Amino acid sequence: MSVASIPAGTVSATVPKLHKMRMARRLFSSLGWATTGFCLALLSILMLWILAVVAIRGASAMSLSLFTTITQGNGGGLLNAIEGTVVLSVGAMLLAVPFGVGAGIYISEYRQTSWATAIRFLADVLVGVPSIVMGYFGYVTMIDYLGWGFSVAAGSIILAIICLPYICRTTELALEQVPNALREAGYALGAGEWRVIMRIILPSVLPGILTGIMLALAISIGETAPLLYTAGWSNYLWDGRLTHSPIGYLTYAVYTFINEPFAEANALAYAAAFLVTSFVLLINVLSRFVFDRHHQ
Amino acid sequence: MSTRTGRVNRLSNAAVAAIAAGAVLVGSAAYAAEIRLLETGSSLLYPLFNLWVPDYQKKNPDVQITTQSTGSGTGISQAISGIAQIGASDAYLSNAQMKSNPGMLNIPLAISSQMVNYNVPGLNNDHLKLSGPVLAGIYEGKIKYWDDAAIAQINPGVKLPHNGIVPVHRTDGSGDTFIFTQYLSFSTPDWSNSPGYGTTVSWPAVQGGIGAVGNPGMVNATKGTPYSISYIGISFKSATDSAGLGEAMLENKDGKFVLPDDTTVSAAVSEMTAKTPADERVSLIFAPGPQSYPIINYEYAIIKQKQTSADTAKALKAFLNWAIDPNGGGASHYLKAVGFVALPDATVKLSQKQIDSIQ
Amino acid sequence: MKFRTLLAIVAGVLPGSLAAVVLFLTIYSWPAIRFNGLEFAFRNTWNLGNLYADPVTLGGVSIQPGAHYGILFLIVGTLLSTLIALLLAVPVGVGAAIFLAEAVSGKFRLWISFCVELLAAIPSVVFGLWGYVVLIPFLAHHVFPLLAGTLGLAIPIFGGETGSGYGLLTAGVVLSLMVVPLIAATLRDAIVVQPATIREASMGLGATRFETVWKVVLPNVNKVLIGATFLALGRALGETMAVLMVSGNALNYLPPNIYAPISTMAAFIVSQLDSALQDPTEMAVRSLAEIALVLCIISVIVNGLARLMLLAWSPGRRLAR
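(A) Structural view of the overall build of chain A. What chain A contains, in helices and strands, is 13 helices and 2 strands. A globule of 296 residues ought to have a C-alpha radius of gyration of about 19 Å, yet chain A, at 27 Å, is considerably larger. Counting only C-alpha atoms, chain A reaches 95 × 65 × 35 Å along its principal axes. Just so you have it, chain A exposes about 12400 Å², and 70% of that area is on carbon and sulfur atoms. Each charge class in chain A can be summarised by its mean position, and for the 15 positive and 13 negative side chains these summaries are 21 Å apart.

(B) Structural detail: the sheet that holds strand β10 (residues 249–251) of chain B. In spatial order, the strands read β5-β10-β11 (chain B); together these 3 strands make up an open sheet with mixed pairing. For this open sheet the edge positions go to β5 (129–130) and β11 (257–258) of chain B, each flanked by a neighbour on one side alone.

(C) A look at the interface of chain A and chain C. Each side of the interface is counted separately: chain A has 80 residues, and chain C has 84 residues. Across the chain A/chain C interface, buried area totals approximately 7600 Å², and carbon plus sulfur atoms make up 81% of it. Seen at the junction of chain A and chain C, the total is 3 salt bridges. Measuring nitrogen to oxygen at the nearest pair gives 2.9 Å for the salt bridge that ties R25(A) to E211(C). At the junction of chain A with chain C, the criterion picks out 8 residue pairs in polar contact (both at pLDDT 80 or more).

(D) Local environment of the confidence of the model for chain A. Residues and elements named next belong to chain A. In this model, chain A carries a mean pLDDT of 88, and residues with pLDDT of at least 70 account for 93%. Looking at the elements of chain A, mean pLDDT is at its lowest for helix α1 (residues 2–5), recorded as 43, and at its highest for helix α4 (residues 79–109), recorded as 95. Long-range and interchain partners of residues 1–11, a stretch whose pLDDT sits below 50, account for 1 contact in this model, where long-range means more than four residues apart.

(E) Layout of the domain arrangement of chain A. Residues and elements named next belong to chain A. Domains assigned within chain A are domain 1 (3–59) and domain 2 (66–294). The partner domain 2 presents 6 residues to the 6 residues of domain 1 that form the contact. Of the roughly 490 Å² buried between domain 1 and domain 2, counting both surfaces, carbon and sulfur atoms make up 82%. When residues of domain 1 are sorted by the area they lose upon contact with domain 2, V54, R57 and G58 head the list and together hold 67% of the total. Across the contact surface, domain 1 and domain 2 share 0 salt bridges. Summed over the shared surface of domain 1 and domain 2, the result is 1 residue pair in polar contact (both at pLDDT 80 or more). Looking at the side of domain 1 that touches domain 2 residue by residue, the class counts come to 4 nonpolar, 1 polar and 1 charged.

(F) Just the packing of helix α7 (residues 152–176) of chain A against helix α10 (residues 206–222) of chain A, in detail. All names here are of chain A. The N-to-C vectors of α7 and α10 enclose an angle of 160°; their axes lie 8 Å apart at closest approach. Regarding the angle of α7 to α10, the classification is roughly antiparallel. The hand of the α7/α10 crossing is right-handed. Residues L159, I162, C163, Y166, I167, T170, T171 and A174 of α7 touch α10, and the partners they reach there are G208, I209, G212, I213, A216, I219 and S220. Here the residues of the contact of α7 with α10 are counted per class, giving 10 nonpolar, 5 polar and no charged.

(G) Region of interest: unusual backbone geometry. Residues and elements named next belong to chain B. For the bond from S194 to P195, the omega torsion is 5°, close enough to zero to count as cis. Tracing the sequence through the fold places P195 in the loop between α8 (189–193) and β7 (210–212). Of note in this structure, E280 is not a glycine but carries a positive phi near 60°. Locating E280 in the fold gives a position in the loop between α11 (262–272) and β12 (296–304). For E280, a relative accessible area of 0% translates into the label buried. Even without glycine at this site, F286 takes up a positive phi of about 65°. With respect to the helices and strands, F286 occurs in the loop between α11 and β12. Looking at F286, the relative accessible area reads 12%, which means it is buried.

(H) Broad picture of the interface of chain B and chain C. Contacts between the two partners involve 37 residues from chain B and, on the opposite side, 30 residues from chain C. Summed over both partners, the interface of chain B with chain C buries about 2500 Å², with 51% contributed by carbon and sulfur atoms. Three residues stand out in chain B for area buried against chain C, namely T171(B), T200(B) and S202(B), and they jointly supply 18% of the buried area on that side. Linking chain B with chain C are 0 salt bridges, by the criterion used here. Those elements giving two or more residues to the side of chain B that touches chain C turn out to be α3 (72–81), α4 (95–100), β7 and α9 (214–224) of chain B. Here the residues of the side of chain B that touches chain C are counted per class, giving 13 nonpolar, 23 polar and 1 charged.

(I) The arrangement of the pattern of salt bridges in detail. Counting across every chain of the model gives 23 salt bridges over all chains. Here K237(B) makes a salt bridge to D241(B), at a shortest N to O gap of 3.3 Å. With K237(B) and D241(B) both in helix α10 (residues 237–242) and 4 residues apart, the pair spans about one turn of that helix. By relative accessible area, K237(B) is classed as partly exposed at 29%. R199(C) is the salt-bridge partner of E102(C), the closest N and O atoms lying 2.3 Å from each other. Residue E102(C) is located in helix α3 (residues 72–103), and its partner R199(C) is located in helix α7 (residues 196–204); the two are separated by 97 residues in the primary sequence. Here E102(C) matches R199(C) in class, with each residue buried. Here the residues in one salt-bridge network are R120(A), D124(A), R169(A) and E172(A), joined through shared partners.

(J) Layout of the environment of V201(B). Structurally, V201(B) is set in the loop between α8 and β7. Sequence separation between V201(B) and F178(B) is 23 residues, and the spatial gap between their C-alpha atoms is 8.4 Å. Once residues within four sequence positions are removed from consideration, V201(B) is found in contact with T177(B), T181(B), P195(B), G196(B) and L251(C).

(K) Geometry of the packing of helix α11 (residues 265–276) of chain C against helix α12 (residues 283–311) of chain C. Residue and element names in this part refer to chain C. Packing of α11 against α12 brings their axes to within 10 Å, and their N-to-C directions diverge by 165°. Comparing their axes, α12 and α11 come out roughly antiparallel. With respect to the hand of their crossing, α11 and α12 are arranged in left-handed fashion. Contacts between α11 and α12 involve M265, A266, F268, I269, Q272, L273 and A276 from the first element and A284, V285, L288, I291, A292, V294, L295 and I298 from the second.

(L) Up close: a nonpolar patch on the surface. All names here are of chain C. Residues I297, I301, L305, L308 and L311 make up a contiguous nonpolar surface patch of roughly 440 Å² in combined accessible area. Here L305 is to be found in helix α12. Relative accessible area serves as the criterion here: at 39%, L305 is assigned to the partly exposed category.

(M) The arrangement of the domain arrangement of chain B in detail. Residue and element names in this part refer to chain B. When cut into domains, chain B gives domain 1 (35–111 + 298–356) and domain 2 (113–275). Here the C-alpha centre of domain 2 lies 27 Å away from the C-alpha centre of domain 1. Facing 19 residues of domain 1, the contacting portion of domain 2 comprises 21 residues. Between domain 1 and domain 2, roughly 1500 Å² of surface is buried when both sides are summed, and carbon and sulfur atoms account for 62% of that area. There are 0 salt bridges connecting domain 1 and domain 2. At the boundary of domain 1 and domain 2, one finds 8 residue pairs in polar contact (both at pLDDT 80 or more). Among the elements of the structure, α3 and α13 (332–338) are those that each provide at least two residues to the side of domain 1 that touches domain 2.

The rules we used
Residues numbered from 1 in each chain as written. Chains lettered and ligands numbered in written order. Predicted model: local features only at pLDDT ≥ 70, side-chain atom pairs only at ≥ 80, totals over all residues. Heavy atoms only, no water. Helix = DSSP H or I, 4+ residues; strand = E, 2+ residues; numbered from the N terminus. Rg over C-alpha atoms; globule rule 2.2 N^0.38 Å. Areas by Shrake-Rupley, 256 points an atom, 1.4 Å probe, with all protein chains shown as cover. Lys, Arg positive; Asp, Glu negative; His and termini not counted. Charge placed at Lys NZ, Arg CZ, Asp CG, Glu CD. Pairing = 2+ DSSP bridges. Contact = heavy atoms within 4.5 Å. Buried area = accessible area lost by both parts, 1.4 Å probe. Salt bridge = Lys/Arg side-chain N within 4 Å of Asp/Glu carboxyl O. Polar contact = N/O pair within 3.5 Å; in protein donor to acceptor, adjacent residues only side chain to side chain. pLDDT = per-residue confidence, 0-100. Domains from an automatic or database assignment. Nonpolar A, V, L, I, M, F, W, Y, C, P; charged D, E, K, R; others polar. Axes fitted to C-alpha atoms, helices over the stretch in contact; angles between N-to-C directions. Parallel < 35°, antiparallel > 145°, perpendicular 65-115°, else oblique. Left-handed = near helix turned anticlockwise from the far one by under 90°. Buried < 20%, exposed > 50% of the residue type's maximum accessible area, 1.4 Å probe, protein only. Patch = residues over 30% accessible without salt bridge, like charges linked within 9 Å, V, L, I, M, F, W, Y side chains within 5 Å.

Written out as structure tokens, the structure is:
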């Protein structure tokens with residue numbers, strides 16, 4: 001009906017205008033796709049650039065002795081740092097997993113309580129606290145006030161606090177997938193809360209929780225700032241003491257040895273960067289694999 | 001249900017394996033109960049410790065010494081807090097620090113000197129002449145360009161470029177900052193009023209000025225920044241040379257321009273070390289004498305007199321005594337490699353006395 | 001004890017940690033907060049005073065003579081580097097999200113999305129390493145002189161000395177790379193779950209596919225974009241290692257142009273702790289704690305806002321790093 005309202009004479013004038021408009025719109029769309037495509041290509045190229053630098057320089061610095069000898073001054077190997085990273089991360093997970101999973105269960109299974117709502121929100125806020133602030137907190141409390149010195153305990157506790165919210169929230173997300181029928185069936189059979197949650201619900205979502213733990217592990221391996229003033233650094237293997245004994249870790253080697261004007265030290269930094277990046281990416285890929293298999 | 005239990009079992013097996021692997025790591029780490037000493041601090045002393053420690057450990061396998069290059073500031077504060085047994089520092093403790101931390105020892109291990117390095121393309125082999133007041137002017141932002149009249153005046157015949165000077169300073173607490181700012185303070189009244197000297201000073205805001213961490217960071221920043229200037233410990237001379245940096249001749253108290261070498265450093269040593277007090281806290285900066293190099297200093301081990309255990313104290317004393325022994329760590333092949341000079345006999349005696357007091 | 005109560009207590013570790021961090025930092029920095037007053041945020045003087053003089057008593061507290069603590073240059077450095085990071089990251093992130101969600105399909109999309117997310121997993125010290133080794137020489141020798149020679153002629157902040165490569169723009173570029181995956185991934189998820197009906201309606205009216213995305217789908221997810229931007233903001237504000245390695249660690253001055261060295265609050269805490277420990281009166285360490293506290297409060301607020309905005313969209317489908 002709108003056609004009817006257009007005076008006959010104007011029709012011929014509108015057609016080329018419409019045509020022009022279509023051209024402009026086509027151009028706009030093509031430009032749009034080109035620009036957005038360029039953005040994605042840019043991101044991919046930059047990512048490949050970073051990975052290529054780390055992989056090429058790291059691979060050329062690789063040798064067996066890196067894994068068998070400890071750091072000596074500006075050279076030597078990374079065995080102490082590799083062991084330290086493992087010890088600190090395992091320590092962090094031992095602390096963070098029970099608390100994180102427990103908190104996740106609570107905010108999922110008792111979601112209606114206001115305590116759960118508050119914790120869910122605060123977990124998200126805690127994720128955003130800069131890791132250096134955590135490190136400084138650790139320094140002020142554990143190193144300085146409690147007098148632990150640079151230590152595995154202080155480093156692991158700070159890493160655990162950083163990892164907590166991730167584990168908590170992924171556990172919650174995993175538990176959300178569990179159909180209510182499963183819970184109801186459990187209760188109907190007369191099982192208590194403990195039994196229903198620990199024996200029925202938790203086992204069914206283990207892969208989901210595992211995904212979260214793996215991501216948290218990747219984060220703890222990649223952290224530097226919170227460890228500088230809590231774990232310290234050591235050229236030697238860990239002596240088994242939880243306090244009063246500093247420990248090495250790979251990210252420290254990256255930060256410190258790239259700054260040295262000696263090629264030997266730089267090679268250590270590249271090797272450490274290569275190892276850290278490989279660990280972290282490998283864990284991410286694995287966790288995605290676990291997650292996908294679970295969701296098929 | 002059976003597949004689920006299977007999965008859980010597999011997971012718990014994996015967990016057991018992981019814990020077992022962890023236990024093996026822990027076990028292998030704790031295989032021997034040696035004495036462990038942590039040395040941290042001065043990046044200037046770090047290269048020397050890296051020469052010392054492997055040799056020392058060959059003869060003393062029951063002592064493990066970790067070396068760490070963090071800056072004298074860290075060395076001092078971690079020695080005070082007991083985190084490190086040996087705080088390596090190019091600076092001695094202040095009166096206030098001595099007062100609030102009684103029982104801290106400042107034990108010289110060797111004598112070092114400091115270079116002023118620059119990166120002015122084309123002039124890096126020319127040993128530009130610089131004086132305390134000119135350096136103060138540069139770090140205060142009053143002397144902005146390389147062809148400033150004040151620089152041109154003491155470098156007649158040198159074709160200086162009209163490029164902005166980028167002063168590089170240390171961001172970490174640093175003994176190099178301490179001795180460099182002492183040189184500026186003692187030679188330039190203006191600087192001694194403010195900012196003065198210390199392991200950290202409030203650097204005047206100079207547009208473009210950058211901060212770097214440790215001597216290594218100073219070398220890299222100067223190398224990567226044309227028209228920059230910096231102060232770097234002598235033990236990094238091989239690094240500054242391979243980076244192609246220029247090394248300035250500095251004006252001494254007698255108005256002569258000198259480079260740090262055996263002759264000029266020894267000349268300054270003989271002028272200054274005689275007045276070393278019993279606690280050995282003394283500045284060796286800006287020595288008189290036509291030959292004297294103006295920036296030399298004692299390299300200190302900052303030690304807590306009272307150690308946590310008798311065994312630690314014993315190991316620490318043994319190592320320190322070895323370090324200042326002219327037939328041990330004080331041997332010239334160690335010191336020459338990093339450009340240091342041995343302590344004069346009188347200072348060695350004072351140091352020994354302090355080492356003996358460690359418990 | 002009931003299982004439920006036990007869980008509630010275990011869950012209390014989360015708010016407990018957050019409260020402990022804020023509480024201990026406040027207690028520890030309290031003398032500094034009182035000594036520094038409001039001028040802390042508005043002055044360009046981080047000055048530990050004369051460390052080799054005897055402490056003096058000023059206003060009831062013991063300090064080294066000449067000590068002054070003002071962190072305006074850190075606040076400006078933090079805000080400007082974050083701003084540059086967002087200015088670069090938001091358009092690129094939006095573009096990449098659109099292309100991923102609309103132009104790439106099937107298995108390919110999954111893989112590329114995953115790769116973009118992997119970018120977020122690369123540790124910050126590795127970004128710093130890359131920035132230090134590769135980006136700084138590249139920018140200092142090729143990009144900055146070019147920018148100064150073109151844009152610099154028209155816009156003053158792009159002109160002037162291009163410097164060493166360590167500085168504001170470099171820090172901004174590295175930060176943008178670190179936050180862009182966050183924006184791209186969150187936004188892509190939001191675009192993908194938009195109902196097909198609105199697209200069909202738009203295409204049915206004759207809009208092209210791109211017009212549909214740009215003018216219909218995107219406005220629908222603007223809340224998500226804002227939320228994701230805030231998350232990116234929070235991360236950029238607190239980022240430490242990468243900034244520390246590329247920012248030039250400027251002290252006590254504001255950057256005159258976009259290439260000049262800066263420092264940020266987070267990086268300053270790392271670079272200054274051992275210097276601050278030299279102060280026997282402890283005022284310097286406590287002032288550093290005050291910086292940590294300020295940074296903590298800012299990021300808590302920014303993150304709280306971001307979560308509230310994303311909450312309006314869906315109950316937290318993605319965990320942002």
